[in-house]
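# Structural description and commentary
Here's the letter readout for the chains.
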Amino acid sequence: MKAAKKITKGTILRNREIAPGIFTMDIKSRWMGKKSRAGQFVNIKAADDTTDPLLRIPLGIHKIRGEEISLLYKVVGAGTKLLSLRSPGGSLDMLGPLGKGFDVSPVIRRKKAVAVLIAGGHGIAPLFALAEELTNKMRKVEFFIGACTREEITCVEELKKIGAGVRVSTDDGSRGERGRVTEMVMEYLSGDGKDAEHGTIYACGPMPMIRAVQDVSKATGIPAQVTRDEYMACGIGACRGCAVETTEGVKLACTDGPVFNAAILKWDKETVEK
Ligand SMILES: Cc1cc2nc3c(=O)[nH]c(=O)nc-3n(C[C@H](O)[C@H](O)[C@H](O)COP(=O)(O)OP(=O)(O)OC[C@H]3O[C@@H](n4cnc5c(N)ncnc54)[C@H](O)[C@@H]3O)c2cc1C
Ligand code: FES
């Protein structure tokens, strides 16, 4: 059965800067609220009355609450800049929900399974919805957030409020542990987190981090579901612009992903250094 998706207009309820250059936007949309799952994304038009930028912007669904969804985005170019200037009351043109989300069944099936969530920077966007879904179902969530510096760390208090365990690392040591988030995860899995061996890792972040998560999964034997942040155009499998090399052949990040089993991903040097 094909997943339901359509172009729909939501109403912007709030659009706030929560950290330098990082915004959250809350949108009222009955369709997206009802149909979205954690790990899926929407392809949005930054503004209704412009064709610049021409392409829609893919953004992960950050929160799914009743008839509302939220997005969390970093301003990096023309489209996200335009989005940051949108005001409450305006409408947002969205295509979605798109892609395959996270598979929560391994954690739901086993009451004692631990979900280990790993976010790099604004990779926290789709993982928040996942953490909320799992904690609502009384599952244990250990959330690891890594960033270059403390200004890029978001959502810590909110995650604690929904019942997730939260650990933070920064490359410069300005908040939490100094170093790579995957090093902190390895330390946890070989110490306090021994009970996570029957759990699942879920990760979203820059390509080098995802590559390192693949290594963590291999070293510990804990299966990992990870997102691949490919450049996208159509978002629906038509342009073939988001091809991903896997051990099972070429897959499309927009329809086969963006969430993939880490074990099947293949990497070239250019992708890992992106
Ligand atoms: C499935 C998916 C989910 C994403 N979720 C989030 C999220 O939740 N929060 C967030 O901050 N960012 C997310 N991104 C990245 C986000 O889409 C880009 O940062 C954004 O498209 C940049 O647009 P821009 O016009 O501001 O920048 P520009 O660099 O001017 O982008 C020009 C065009 O290039 C494409 N593009 C640029 N960077 C990317 C990128 N990294 N990935 C895909 N297309 C890109 C877009 O089509 C965009 O219209 C996601 C990307 C993908 C593929
Ligand atoms: S973005 Fe067009 S096929 Fe994936």
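Computed from a prediction, not measured in an experiment: that's the story for all the values here.

So, about unusual backbone geometry. Of note, the amide linkage connecting Gly 96 to Pro 97 takes the cis form, showing an omega dihedral of -5°. With respect to the helices, strands and loops of the structure, Pro 97 is situated in strand β6 (residues 91–98). Positioned with a positive phi, Cys 155 is a non-glycine residue whose angle comes to about 70°. As for its position among the elements, Cys 155 is in the loop between β8 (140–147) and α5 (156–161). For Cys 155, a relative accessible area of 11% translates into the label buried. Of note in this structure, Arg 240 is not a glycine but carries a positive phi near 60°. Looking at where Arg 240 falls in the secondary structure, it is placed in the loop between β12 (224–227) and β13 (243–246).

As a further point, take the site of ligand 1. The local shell around ligand 1 holds 21 residues, among which Pro 58, Lys 74, Gly 79, Thr 80 and Asp 229 are the closest. Contacts to ligand 1 include Lys 74, whose backbone N or O atom sits 2.8 Å from an oxygen atom. At 3.3 Å from an oxygen atom of ligand 1 is found a main-chain nitrogen or oxygen belonging to Met 232. Contact with the protein chains hides 82% of the accessible area of ligand 1, taken as 830 Å² for the molecule alone. The cavity that encloses ligand 1 is the largest pocket. Elements represented by at least two residues in the shell around ligand 1 include exactly β4 (57–65), β5 (68–74) and α2 (78–84). For the shell around ligand 1, the element with the most residues is β4, which contributes four residues.

Further remarks concern the domain arrangement of the protein chain. On domain assignment, one finds that the protein chain holds domain 1 (6–98) and domain 2 (105–273). Of the residues lining the interface, 19 residues belong to domain 1; the matching set on domain 2 comes to 22 residues. In total, domain 1 and domain 2 occlude about 1700 Å² of area from one another, counting both sides; carbon and sulfur atoms represent 66% of this. Here domain 1 and domain 2 share two salt bridges between them.

Here the largest pocket is characterised by a volume of approximately 1600 Å³. Looking at the largest pocket, it is lined by 50 residues, and the ones nearest its centre are Val 76, His 122, Gly 205, Pro 206 and Asp 229. When the residues that make up the lining of the largest pocket are grouped by side-chain class, the tally is 26 nonpolar, 15 polar and nine charged. Per-domain counts for the lining of the largest pocket show at least three residues from each of domain 1 (6–98) and domain 2 (105–273).

Here is what the cut-offs are and how they apply
Each chain carries its own residue numbering, running from 1 in the direction its sequence is written. As they are written, the chains are lettered A onward and the ligands numbered 1 onward, keeping that order. At least 70 in pLDDT is required for a residue's local features to be given in this predicted model, at least 80 for side-chain atom pairs to be given and counted, and no such filter applies to totals for whole chains, interfaces and linings, which use all residues. Computation of side-chain values covers all heavy atoms of the structure but excludes hydrogens and water. We count a stretch as a helix when DSSP gives it H or I for four or more residues in a row; a strand needs E for two or more, and each element gets its number in order from the N terminus. Between buried and exposed lies partly exposed: a residue is buried under 20% and exposed over 50% of the maximum accessible area for its type, with that area taken using a 1.4 Å probe on protein chains only. In this text, near means that some heavy atom of the residue lies within 4 Å of the molecule or strand in question. Whenever a nitrogen or oxygen atom comes within 3.5 Å of another N or O atom, the pair is scored as a polar contact, on the condition that within protein one atom can donate a hydrogen and the other can accept it, and that pairs from neighbouring residues in sequence are kept only if both atoms are in side chains. Only the protein chains shown count as cover for residues, and the accessible areas themselves come from Shrake-Rupley with a 1.4 Å probe. Lining residues are defined by having an atom within 4 Å of a point belonging to a cavity or pocket. Those points lie on a 1 Å grid over the protein atoms alone, cavities being sets where a 1.4 Å probe fits but cannot get out and pockets being open sets with protein on both sides within 12 Å along at least five of seven lines. Those molecules having more than half of their atoms within 2 Å of a cavity or pocket grid point set are described as sitting in that cavity or pocket. Residue ranges assigned to the domains are those given by an automatic or database domain assignment. Contact criterion: two residues are considered in contact whenever any of their non-hydrogen atoms come within 4.5 Å of each other. Buried area counts how much accessible surface, traced with a 1.4 Å probe, disappears from two parts once they are put together, with both parts' losses summed. Basic side-chain nitrogens of Lys or Arg form a salt bridge, by our definition, when they fall within 4 Å of a carboxyl oxygen of Asp or Glu. Grid points are joined across faces, edges and corners, and a volume is the space filled by probe spheres set on the points. We call Asp, Glu, Lys and Arg charged. Ala, Val, Leu, Ile, Met, Phe, Trp, Tyr, Cys and Pro are nonpolar, and the rest, Gly among them, are polar.

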